[in-house]
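So you can see what is in the structure, the chains are spelled out below.
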Amino acid sequence: MAELKLTLRTCIVCRKKIEQKELLRLKCEDKKLVLYNNYGRSFYICKDCISLLQSDINQKAYKKIEKSLFKECKNKDKYVEQLKEMLTDVR
Ligand SMILES: [Zn+2]
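The present account deals with the structure reproduced in this document. This is a predicted model, so every value here is computed, not measured. (Residues numbered from 1 in each chain as written. Predicted model: local features only at pLDDT ≥ 70, side-chain atom pairs only at ≥ 80, totals over all residues.)

Remarks on unusual backbone geometry
With a phi angle near 65 degrees, arginine 15 is a residue other than glycine that sits in the positive phi range. Take arginine 15: it is sitting in the loop between β1 (8–10) and β2 (17–19). C-beta crowding within 10 Å serves as the criterion here: with 9 such atoms nearby, arginine 15 is assigned to the exposed category. The phi torsion at asparagine 38 lies on the positive side, around 65 degrees, for a residue other than glycine. (Helix = DSSP H or I, 4+ residues; strand = E, 2+ residues; numbered from the N terminus. Buried ≥ 20, exposed ≤ 12 C-beta atoms within 10 Å, placed from the backbone.)

Focus on the environment of glutamate 81
By the element assignment, glutamate 81 lies in helix α3 (residues 79–90). Taking the number of C-beta atoms within 10 Å as the measure of exposure, glutamate 81 has 11 and is therefore exposed.

Quick word on the sheet that holds strand β4 (residues 32–35)
Backbone-to-backbone hydrogen bonds pair the strands of a sheet. The strands run either parallel or antiparallel. Spatially, 3 strands are ordered β4-β3-β5 in an open sheet, and the strand pairing comes out antiparallel. Both edges of this open sheet fall to β4 and β5 (43–46), since each of them pairs with a single strand only. Taken over all neighbouring pairs, the strand axes of this sheet differ in orientation by 40 degrees on average, direction set aside. As defined by bridge partners, strand β3 (residues 23–29) adjoins β4 across 4 bridges and the pair is classed as antiparallel. Directly across from cysteine 28, in β4, lies its bridge partner leucine 33. Where helix α1 (residues 47–54) meets the sheet, it contacts β3 and β5, and its direction lies at approximately 65 degrees from that of β5. (Pairing = 2+ DSSP bridges. Axes fitted to C-alpha atoms, helices over the stretch in contact; angles between N-to-C directions. Contact = placed C-beta atoms within 7 Å.)

Okay, structure coming up:
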C-alpha cells in the first residue's frame, strides 16, 4: 500500500506545520499583499491564524500576525488591513 504523502508547510504566524490545502498562500508584491500567482517568493498563513484575525477583539493575535507579515514583506505597511480586505473578497 502506498503511503499517503502530505505536503506540509509552515504557517509564518504560529510556526505550525500544516497540510498545504489548509493554508492560505500569499506573497508580497510591490509592498502589496496578494494571493500567490505562481511567481516569486511566497509564504503561508493557516486558517486558525486567519480566524483569529477575523475576530477583531484579539489584539494580541493581530500584533503577532502583523509582525510576521512585516518580517516576510521586509518592510512595514498596512498588511493586516490588506489581508483582511483580501479575505472579505474571497468570501
Ligand atoms: Zn498559523
